[in-house]
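In case you want the letters, here they are:
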Amino acid sequence: MRLWSRELWRIAWLATLGVCLGWLLGAPGLGLAAGLSACLFYHLRQLLALYQWLTLHPHDEPPAARGMWGELLDRLYRYQKSQRITQSRLRATLARIQESSEAMRDSVVMLDRHGDLEWWNSAATEMLGLQAAHDRGQHITNLLRDPRFISYFNACEYGEPLTLTSPIDERRILQYQITLYGDDERLVMARDITRLHRLEQMRRDFVANVSHELRTPLTVLSGYLETYSDLADQLPPRLGRGIGQMQEQTQRMQNLVNDLLLLSRLEIDQGGQDHQSLDVGSMLESIRRDALALSHQHNVKVVVECDAQLVGSEQEIRSAISNLAYNAVRYTPAGSHITLRWAAMANGSACIEVDDDGEGIDPVHIPRLTERFYRVDKGRSTATGGTGLGLAIVKHVLLRHDAQLQIESHPGEGALFRCIFPVSRLLPAGPSH
Ligand code: ADP
């Protein structure tokens, strides 16, 4: 305010001086104009000095000036200086971040809000084939063209990583993970998991091969045991009992080998070839008959509340639902009620439910139930002939059908296993294809 009034005083003083001099010369109006022109000239000169300083020598000290101009130039100079310090600090931080990303073995690619490439480290050049010379500013999907990557990128649901082969080397397996940050910008990370993938494949092949190799000796063993058990009345009682137990254990081993083989097939095989539209109602009816053959003392009923058809592999879905139905029979006391239900859900999806009123499961076990060989009560499970793989098979089958397994249970209140199939897996009622 003080500067402002001084500036006003300066103008008033020059104007008065101009009027006085003009009055002495007999032309006060001309004098006033000359005074104000002098004032204008002074400000234009300061403006020119400011312009020259900012455009020609922005890093030098500001031109000397007094009053309001001096203060203005001083403030501008201080502001410029602090901006320069912040900028150099930011540049150093950015350089450090880029340096550390550069040292990473994983690919890091920064994209702007449109999905165009902004920056990437050298691992990305080596893994994804991005070239600094001509790829900067390109859209990521122009360079990573796999349709699975494109739909993963566009879906904007990056909770789970995506596994694909490298776009420049078929033998390398990469795991992509995208993170959203800032103003809708994205960070794409790609990790080379070739070794892990190979190990996983070796594990699967090993389990499949061992299970396959065990099949023949087990068939021979159970064949002989069956022959011996036919002659049980000619054998001493102790031997007869032993043979009975051996038969039981061989049967368990055969079940285990079959389940392991089925699981390996579900893991290795891509699936989808035998998908057709299924009449869930009649499938549940036949599963009901099989469940009753396992135990006549249970009440098993089928409820069909949805007339859509399900698209999937008949063999796989039947095996999954049979597993759930047999579990319901095996883990509930005689006289329990079991319901197999095909129902529509509010959001357009549909579900197959296997519901029982048995003893139920403590909720602490539920998150781990689908793990291989996880059992709530090991003694009881083996006594009922369980392999510990039933729910793992269910989970895999459902995964291959884009479906989800929900388990609801409380001790003493029965258990409900719900397999939820998305709309994309349903066909409205009509003749089967
Ligand atoms: P298993 O072959 O041992 O039955 P599963 O994977 O099929 O293995 O089941 C895992 C465990 O879940 C079982 O050991 C059992 O304790 C529990 N379970 C499964 N279904 C039911 C059910 N309907 N009621 C109570 N417990 C169940």
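**Observations regarding the domain arrangement of the protein**
Domain boundaries in the protein define domain 1 (2-96), domain 2 (104-192), domain 3 (202-268) and domain 4 (276-427). A straight line from the C-alpha centre of domain 2 to that of domain 3 covers 49 Å.

**Let's talk about the site of the ligand**
The environment of the ligand is formed by 18 residues, the closest being Asn327, Tyr331, Ser381, Gly388 and Leu391. Between tyrosine 331 and the ligand, the recorded distance is 2.5 Å, taken from a side-chain N or O atom to an oxygen atom. Glycine 390 has a polar backbone atom sitting 3.5 Å from an oxygen atom of the ligand. Out of a free accessible area of 530 Å², the ligand has 97% covered by protein chains. Listed by contribution, the elements that provide at least two residues to the shell around the ligand are α11 (314-330) and α13 (390-400). Per-element accounting of the shell around the ligand gives the leading share, three residues, to α11. Partitioning the shell around the ligand into residue classes produces nine nonpolar, six polar and three charged.

**What to know about the packing of aromatic side chains**
Remark: the centre distance and the inter-plane angle together describe each pair of aromatic rings, the angle taken between the planes. Summed over all chains, the structure comprises five aromatic pairs. Considering the side-chain rings of tryptophan 53 and tyrosine 77, the 6.3 Å spacing of their centres and the 50° angle between planes classify their relative orientation as tilted. Of this pair, tryptophan 53 sits in helix α2 (residues 28-56) while tyrosine 77 is found in helix α3 (residues 67-103), placing the two residues 24 residues apart along the sequence. You can call tryptophan 53 buried: its relative accessible area is 4%. Overall, the relative accessible area of 17% leaves tyrosine 77 in the buried class. Members of the aromatic cluster, each reached through a chain of ring pairs, are Phe149, Phe153 and Tyr176.

How each quantity is defined
- Residues numbered from 1 in each chain as written.
- Predicted model: local features only at pLDDT ≥ 70, side-chain atom pairs only at ≥ 80, totals over all residues.
- Heavy atoms only, no water.
- Domains from an automatic or database assignment.
- Near = heavy atom within 4 Å.
- Polar contact = N/O pair within 3.5 Å; in protein donor to acceptor, adjacent residues only side chain to side chain.
- Areas by Shrake-Rupley, 256 points an atom, 1.4 Å probe, with all protein chains shown as cover.
- Helix = DSSP H or I, 4+ residues; strand = E, 2+ residues; numbered from the N terminus.
- Nonpolar A, V, L, I, M, F, W, Y, C, P; charged D, E, K, R; others polar.
- Phe/Tyr/Trp six-rings, centres within 6.5 Å; stacked < 30°, edge-to-face > 60°.
- Buried < 20%, exposed > 50% of the residue type's maximum accessible area, 1.4 Å probe, protein only.

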